[in-house]
Amino acid sequence: MASKKSATVAKDRRTPVVDPSGAAPSPGAAPGCTRPSAAQAASPSARVVIAGFSPSVDHGAFAAKTTVGEGIEVTADIFADGHEKLAAAILIRANGEEAWASHPLIAGPNDVWTGEVQFARLGGHQLKLQAWLDVWGGFVRDLGKKRDAGQDLTLDVMEGRQLLEAARARAAGPAAETITAALAALDEGPATTLLDDGLTAAMAEADDHAFLTESFIQPVEVERPAARFSSWYELFPRSQTDDPARHGTFADVIDRLPHIAAMGFDTLYFPPIHPIGLANRKGKNNTLTPGPDDVGSPYAIGGAEGGHTAIHPELGALDDFKALLVAAGEHGLEIALDFAIQCSPDHPWLKEHPGWFDWRPDGSLKYAENPPKKYEDIVNVDFYAEAAVPGLWEALRDVVLFWADQGVKVFRVDNPHTKPLPFWRWMIAEVKARYPEAIFLSEAFTRPKPMYHLAKVGFSQSYTYFTWRHTKAEFQAYLTELTQTPVRDFFRPHFFVNTPDIDPYFLQSSGRPGFLIRAALAATLSGLFGVYAGFELCESAALPGREEYLDSEKYEIRPRPDRAPGDIVDEITALNRIRREQPALQTHLGIEFHAAYSDQILYFSKIAPGETGRVLVAISLDPFTAQEADIEIPLWLHGLRDWDGIDVHDLIDGHRFRWTGKIQHLRLEPARPYAIWRIGGEA
């Protein structure tokens, strides 16, 4: 029961306590000393405890990530001493704003409180939790119990009056009017006046939040939906030609746009489009003996024509690039550019800013390498050379801003794990302050902790270990890590099926079914899915014993047709259509693995927040042999019994039917090694 004394004490304890565990009390003072006693020092500590706050990225040191319109689920363990009733709220505000918007947290079993918030605008935000003793709520709860038990409520009504009078002094507007009316009604004696729902709402508005406790502040970075869901297609603009002797142009890329858009892709990504150096230029298949017509690697950035803000002259001029941006937009495509921080020995910066490089005693520069790979046509900048800070850092930021000014808002960053983490945190923040819609994809094939930390410092998306996951156990373990551990709050996995640098061993030997398997895995497991040109044509010729393409497009022009016998263009088109139609497939989150009694069949479901329909996916991991197994239909997740029926929609061929019973049998052939259904809802 809340007494007058407890309410008064609560009023004196409204100073927010930031440390949810409570500050350690200071040593007591000797009798007669003016210093506070140990008890006095301890008394302001948090009676209400907020623990286990999620999302939490290093206790608020880095931002959690979400997108506009996407809900963030907030959970916390909130409790206090005794049997006091509690109240709690989520508070959010955009950076730079003064006022906080409040959203309720709801109490659940075992002191776990939950809530959800959404953000309507791009950019940085703050999120924190508050919890306090709900003195009036506790009083009403106990009063109702006493009334139901037939107890005398005379003294309780007196205590209620005291609480109302204290609240009326704080209240204003309609709340004050409701409280005043309740006090007048009490003069006629009915205790039920105190149990009125309208009065409870007014008292909540006038509440003084006794023993208020606050959590730490968790930053939140709100990005546009494309940071979470997009389908990427990578191509070399110079290869958009029908003759390997003729260099492709931006105008040639425009001619390819209808085909790429028809396959369902929404992001078209180019490797570097800048001038290519002549010094140490690479020949075909990465040789050191180029011929006069060899085009070199676009990653050897910089020549007489300019550096990172210049365009390779054979592709066209800046106006041609702008025309391509417009044309791409008309086809629903966004252009993504590669940001590679490396220089050809011919890059203008070597002469203009020699202090940005680490020169050897003999006056030479060490070329780049990633043993056993060597890049003789590239040298690296030195971020901590004496003249590099701030000049180099600002110049690199200005490169990104230059292309953003032209209309590019998506950047794939080459090998960011080999550059300083403080640089990325600063640079990305600088760009997003001007262009909050900017998206940065991290190409960081590195150890898990550096990969995850790059996401913390600002990268929107990241390449992953998907390429090297093959078994059912590996996929289940990896997706569990990505969705059920704290990385879910800040890391978005981008599942590229291949890259110009990686011709996966699996694709080299598995034929067309292998390409279908990897496409289905990437397209359904993650909201971010990408292919490098040639994948849809089932290209797989590799250098012997290596995970690299034979006749790599990095070193030569490789024309390709739109279609070829045995291609998987239609299947990729269908996968992208299903991804657009099914919100559950637009994120890696919300996945649940189910029983398929075969180690060669990966079987899972996804459901989008607020939806009742569930997407079921079964994928054979065997490209050579038909696989079949009994599978469990998760009827229990739809409130059904094991023997009930449920409507099913085959999302690939459109067929509708009904399953009856939890156990169903499945057979997947190499020619179509996956199945995608929707059950429940509007199946």
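Going by the structure above, here's the rest.
Everything numeric in this text was worked out from a predicted model, so none of it was measured.

(A) Examining helix α4 (residues 154-170) more closely. In this model, α4 (17 residues) spans 25 Å end to end at C-alpha, consistent with the 24 Å of a helix rising 1.5 Å per residue. Every buried residue belonging to α4 is among Asp 156, Val 157, Glu 159, Gly 160, Leu 163, Leu 164 and Ala 167, and all of these are buried. The arc that holds every buried residue of α4, seen down its axis, measures 160 degrees, which confines them to one face. Summarising the geometry of α4, the exposed residues directed more than 90 degrees from the buried face are Leu 155 and Ala 169.

(B) Focus on helix α7 (residues 250-262). Over its 13 residues, α7 runs 19 Å from end to end, which matches the ideal 18 Å to within 8%, given 1.5 Å per residue. For α7, the principal kink sits at Arg 256 and spans about 40 degrees; a proline, Pro 258, occurs within the next four residues. All of the buried residues in α7 are Phe 250, Asp 252, Val 253, Arg 256, Leu 257, His 259 and Ile 260. Immediately downstream of α7, the backbone of Gly 264 shows phi near 95 degrees, a positive value.

(C) Fine view of empty space enclosed by the protein. As enumerated under the stated definition, the model contains five cavities of 30 Å³ or more in all. There is about 100 Å³ of room inside the largest cavity. Every residue lining the largest cavity is listed: Phe 236, Pro 237, Arg 238, His 247, Pro 271, Pro 272, Ile 273, His 274, Ile 276, Pro 298, His 312 and Leu 315. Of the residues in the lining of the largest cavity, the class split is eight nonpolar, three polar and one charged.

(D) Highlighting the sheet that holds strand β25 (residues 645-650). The strand order β21-β22-β23-β28-β25-β26 describes an open sheet built from six strands, whose pairing is antiparallel. With partners counted over all chains shown, the strands left at the sheet margins are β21 (591-593) and β26 (656-660), one partner each. Averaged over all adjacent pairs, the angle separating strand axes in this sheet is 30 degrees, with direction ignored. Those strands touched by helix α13 (residues 472-484) are β21 and β22 (601-606), and its axis lies near 145 degrees from that of β21.

Reading the values: the criteria
- In this numbering scheme, every chain counts its residues from 1 along its sequence in written order.
- Per-residue local features of the predicted model are confined to residues with pLDDT of at least 70, and side-chain atom pairs are confined, for both listing and counting, to 80 or more; whole-chain, interface and lining totals are unaffected and use all residues.
- Side-chain measures here rest on the full set of heavy atoms in the structure, leaving out hydrogens and waters.
- Runs of H or I in DSSP of at least four residues are treated as helices and runs of E of at least two as strands, each being numbered from the N terminus.
- By this rule, a helix spans an expected 1.5 Å times one less than how many residues it contains.
- Categorising residues by exposure relies on relative accessible area from a 1.4 Å probe, with only protein chains included: less than 20% of the type maximum marks a residue as buried, more than 50% marks it as exposed, and the intermediate range marks it as partly exposed.
- Throughout, the arc means the angular range of directions from the helix axis out to the C-beta atoms.
- What the bend at a residue measures is the angle between two axes, fitted to the seven residues ending there and to the seven starting there.
- Residues are said to line a cavity or pocket when one of their atoms sits within 4 Å of a point; the points come from a 1 Å grid over protein atoms alone, cavities being sets where a 1.4 Å probe fits but cannot get out and pockets being open sets with protein on both sides within 12 Å along at least five of seven lines.
- Grid points are joined across faces, edges and corners, and a volume is the space filled by probe spheres set on the points.
- Residues are sorted three ways: Asp, Glu, Lys and Arg are charged, Ala, Val, Leu, Ile, Met, Phe, Trp, Tyr, Cys and Pro are nonpolar, and all the rest, Gly among them, are polar.
- The criterion for strand pairing is that DSSP finds at least two bridges linking the strands in question.
- Here the axes come from fitting lines to C-alpha atoms, over the contacting stretch only for helices, and the angles between their N-to-C directions go from 0 to 180 degrees.
- It only takes one pair of heavy atoms within 4.5 Å for two residues to be counted as in contact.

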